[in-house]
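# Fold and geometry: a report
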Amino acid sequence: MDSAALFAGPALRRLRKREGLTQAAMAARLSISPSYLNLIERNQRPLSGRVVIKIVDEFDFDPRALREDEAIGGLDGLARRMSDERFADLGIDRDELAEFLGAAPQAAAAFARLYDSAMPQDRKDDPIAAARREIERWRNHFADLDTAAEALADDLRLSRGDTYAALAERLRDRHQLAIRILPREVMPDSLRRLDLHARQLQINEMLDPASRTFQLAYQIATLEYREDVTTLAAGASFTDDTARTLYERHVYGYVAAALIMPYGRFLRACEATGYDFAVLMRRFGVGFEQLAHRLTTLQRVGQRGLPFFMARIDRAGQFSKRFAGASGASILEAEDSCPLWDVHLAFERPGTLCVQPVMLDGAGAAPAHWLTMSRTVDGRGAAGAARFAIVLGVEARLASDLTLARQVSLRPDDAQPVGAGCARCHIAQCAQRSLPPNGAQLRFSPLTRGSIPFEFGG
């Protein structure tokens with residue numbers, strides 16, 4: 001998928017005013033006509049690569065500032081915030097949000113900042129939520145780290161042989177670390193342990209091959225990319241050390257995944273196989289959870305993959321991981337998951353992929369129609385340790401070429417209606433409902449007992 005055109009009129013207009021230039025003078029500096037510059041500033045024309053290069057050369061300008069909407073997660077980030085039930089009655093659609101973001105990105109950023117600061121205190125102080133907000137600000141794509149990991153994978157020739165052996169050799173040659181697989185009774189509470197005295201990276205024998213490989217890649221990430229990750233975390237301005245550590249752990253895991261599944265080769269395999277999960281897992285020697293993480297990251301400029309979201313859910317419907325990436329999914333913002341979502345059915349069918357089109361109630365400006373795919377995984381890479389369900393989702397309008405979509409109807413009328421947890425869901429006549437929607441007026445009849453748990457009005 002090609003990257004979207006760059007519309008950055010307000011940013012260019014602010015640069016021109018900062019430099020004290022008229023449109024004619026600015027156009028002359030950029031070697032374009034004043035009329036063309038006028039169209040660019042009004043977001044009626046995108047910035048071409050040649051004009052961007054000229055801006056950088058003429059004004060010593062950081063081109064990242066042209067994508068000021070990235071600071072709030074772009075249109076998807078704005079749509080997720082606007083999907084809050086407090087705005088449901090306003091009927092704001094995605095096109096209206098796009099106009100707002102394009103015409104007044106600073107105003108949109110001000111709204112996002114105010115919205116984020118107005119969170120309940122317990123949510124603002126939650127280190128897990130703070131780390132996730134920073135990950136989502138980047139849309140879970142760290143371009144520089146991804147490129148560096150891909151270059152290292154090429155150097156190690158990971159595409160031509162056994163990945164585990166190549167990573168082990170890197171640890172031995174570059175860091176003088178031997179790999180030792182230890183019995184479970186020796187490492188009952190650890191997956192990986194770095195013993196610098198013995199110069200060993202010790203791995204729990206209970207980890208499956210994919211998890212062992214990932215642990216080696218993760219250790220390489222911590223040894224060779226520490227400065228990059230620390231700098232990235234410092235730029236996030238965390239006020240809590242726990243949030244910073246959680247964020248750093250995620251980014252190290254990101255680098256590890258990028259080593260095992262190098263961007264270009266992985267994306268080509270995705271497109272060639274129709275994102276066939278079974279083939280991708282076998283080809284790259286990864287587990288389903290590792291694959292799901294990587295699928296949320298494919299946002300390289302000029303070389304984008306499908307925008308997946310992923311989440312990990314336990315039997316009680318609680319989210320322990322959720323990454324929207326560039327999907328714009330608001331279904332992950334709920335505190336609870338809908339019991340009609342097949343992610344719960346996955347627990348009854350361990351190891352089986354459950355494919356389900358869903359239509360999200362109350363999505364607002366965020367996408368509502370999704371194709372979701374769920375299956376169970378054993379927690380921590382060790383059989384029997386715990387069991388979770390991993391769910392992947394992609395907008396139904398983008399899913400037609402997926403191998404898994406060939407036997408599924410993507411018509412909106414055939415999708416299963418789901419909600420963002422009962423308290424935020426206004427789907428009527430739901431026999432599975434556990435709670436009425438927040439703010440709904442319950443209806444009772446002295447003569448009739450209905451077949452659904454709660455009847456309610458607006």
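In this text, all values refer to a predicted model and were calculated from it rather than measured experimentally.

## Points about the side chain of arginine 170
Mapped onto the elements of the fold, arginine 170 is located in helix H11 (residues 163-175). Those residues within four positions of arginine 170 in sequence are excluded, and the remaining contacts are Leu152, Leu156, His175, Ile220 and Glu224.

## A look at empty space enclosed by the protein
In this approach the atoms are scanned with a rolling probe the size of a water molecule, which exposes any empty space left behind. Tallying each qualifying case throughout the model produces one cavity of 30 Å³ or more. Estimates place the volume of the largest cavity at around 80 Å³. Every residue along the wall of the largest cavity is listed here: Cys338, Pro339, Val418, Gly419, Gly421, Cys422, Cys425, Ile427, Cys430 and Arg433.

## Side note on the packing of helix H15 (residues 263-273) against helix H16 (residues 277-284)
Here H15 crosses H16 at 145°, and the two axes come no closer than 10 Å. Here the hand of the crossing between H15 and H16 comes out right-handed. For the pair formed by H15 and H16, the contact residues are Arg265, Phe266, Ala269, Cys270 and Thr273 on the first element and Val279, Leu280, Arg283 and Phe284 on the second. Of the residues assigned to the contact of H15 with H16, the class counts are six nonpolar, one polar and two charged.

## Description of the environment of aspartate 189
Tracing the backbone shows aspartate 189 in the loop between strand E1 (178-182) and strand E2 (192-195). On the basis of relative accessibility, which here comes to 66%, the residue aspartate 189 falls in the exposed class. Residues aspartate 189 and leucine 216, spaced 27 residues apart in sequence, show a C-alpha to C-alpha distance of 18 Å.

## Concerning the sheet that holds E2
Here three strands make up an open sheet; going across it, the order is E1-E3-E2 and the pairing mixed. Across the chains shown, the open sheet's two edge strands, defined by having one partner strand only, are E1 and E2. The average angle at which neighbouring strand axes cross in this sheet is 25°, direction not considered. Note: E1 against strand E3 (residues 200-204), five bridges, orientation parallel. Each bridged residue has a counterpart across the sheet, and for leucine 182 the counterpart in E3 is asparagine 204. Taken strand by strand, helix H12 (residues 209-224) contacts E1, E2 and E3, and its axis lies near 150° from that of E3.

## Brief notes about the pairing of strand E8 (residues 354-360)
The buried count for E8 comes to five of seven residues, which makes it a mostly enclosed element. Pairing analysis gives six bridges linking E8 to strand E9 (residues 369-378), with the strands arranged antiparallel. Counterpart to valine 355 in the pairing with E9 is methionine 373. In terms of strand pairing, E8 meets strand E11 (residues 416-418) through three bridges, oriented parallel. Paired with methionine 359 across the bridge in E11 is proline 417.

## Some details on the pairing of strand E6 (residues 309-313)
In terms of burial, E6 is largely enclosed, as five of its five residues are buried. Of the two faces of E6, the one holding Phe309, Ala311 and Ile313 and the one holding Met310 and Arg312 are both buried throughout. Of the pairings in the sheet, the one linking E6 to strand E10 (residues 387-395) comprises five bridges and is antiparallel in character. Bridging from a neighbouring strand, arginine 312 pairs with isoleucine 390 of E10.

## Observations concerning the environment of tyrosine 275
Looking at the element boundaries, tyrosine 275 is found in the loop between H15 and H16. Classification of tyrosine 275 as buried rests on a relative accessible area of 6%. Put simply, tyrosine 275 and leucine 295 are 20 residues apart on the chain and 9.3 Å apart in space, counted from C-alpha to C-alpha. Beyond its immediate chain neighbours, meaning those up to four positions away, tyrosine 275 contacts Leu267, Cys270, Leu280, Leu295, Leu298, Gly305, Leu306, Phe308 and Leu402.

## Notes on a nonpolar patch on the surface
Nonpolar side chains collect at one region of the surface, where Leu194, Leu196 and Leu223 lie side by side and expose about 230 Å² of accessible area between them. Following the sequence through the fold, leucine 223 ends up in helix H12. Taking relative accessible area as the criterion, leucine 223 reaches 34% and is therefore assigned partly exposed.

## Thoughts on a negative patch on the surface
A surface patch of like charges, here negative, comprises Asp93, Asp95, Glu96 and Glu99. Tracing the sequence through the fold places glutamate 96 in helix H6 (residues 94-103). Residue class for glutamate 96 comes out partly exposed when judged on its relative accessible area of 44%.

## Overview of unusual backbone geometry
With glycine set apart, most residues show a phi of negative sign, and most peptide bonds adopt trans. Of note, the phi angle at serine 237 is positive, near 55°, even though the residue is not glycine. Within the fold, serine 237 resides in the loop between helix H13 (226-234) and helix H14 (241-260). Of note, the phi angle at glutamine 429 is positive, near 60°, even though the residue is not glycine. As for its placement among the helices and strands, glutamine 429 is situated in the segment after E11. Since its relative accessible area comes to 60%, glutamine 429 is described here as exposed.

Thresholds, definitions, all that
Residues numbered from 1 in each chain as written. Predicted model: local features only at pLDDT ≥ 70, side-chain atom pairs only at ≥ 80, totals over all residues. Heavy atoms only, no water. Helix = DSSP H or I, 4+ residues; strand = E, 2+ residues; numbered from the N terminus. Contact = heavy atoms within 4.5 Å. 1 Å grid on protein atoms, 1.4 Å probe; cavity = no way out; pocket = protein on both sides within 12 Å on 5 of 7 lines; lining within 4 Å. Points joined across faces, edges and corners; volume = space filled by probe spheres on them. Axes fitted to C-alpha atoms, helices over the stretch in contact; angles between N-to-C directions. Left-handed = near helix turned anticlockwise from the far one by under 90°. Nonpolar A, V, L, I, M, F, W, Y, C, P; charged D, E, K, R; others polar. Buried < 20%, exposed > 50% of the residue type's maximum accessible area, 1.4 Å probe, protein only. Pairing = 2+ DSSP bridges. Patch = residues over 30% accessible without salt bridge, like charges linked within 9 Å, V, L, I, M, F, W, Y side chains within 5 Å. Areas by Shrake-Rupley, 256 points an atom, 1.4 Å probe, with all protein chains shown as cover. Salt bridge = Lys/Arg side-chain N within 4 Å of Asp/Glu carboxyl O. Lys, Arg positive; Asp, Glu negative; His and termini not counted. Charge placed at Lys NZ, Arg CZ, Asp CG, Glu CD.

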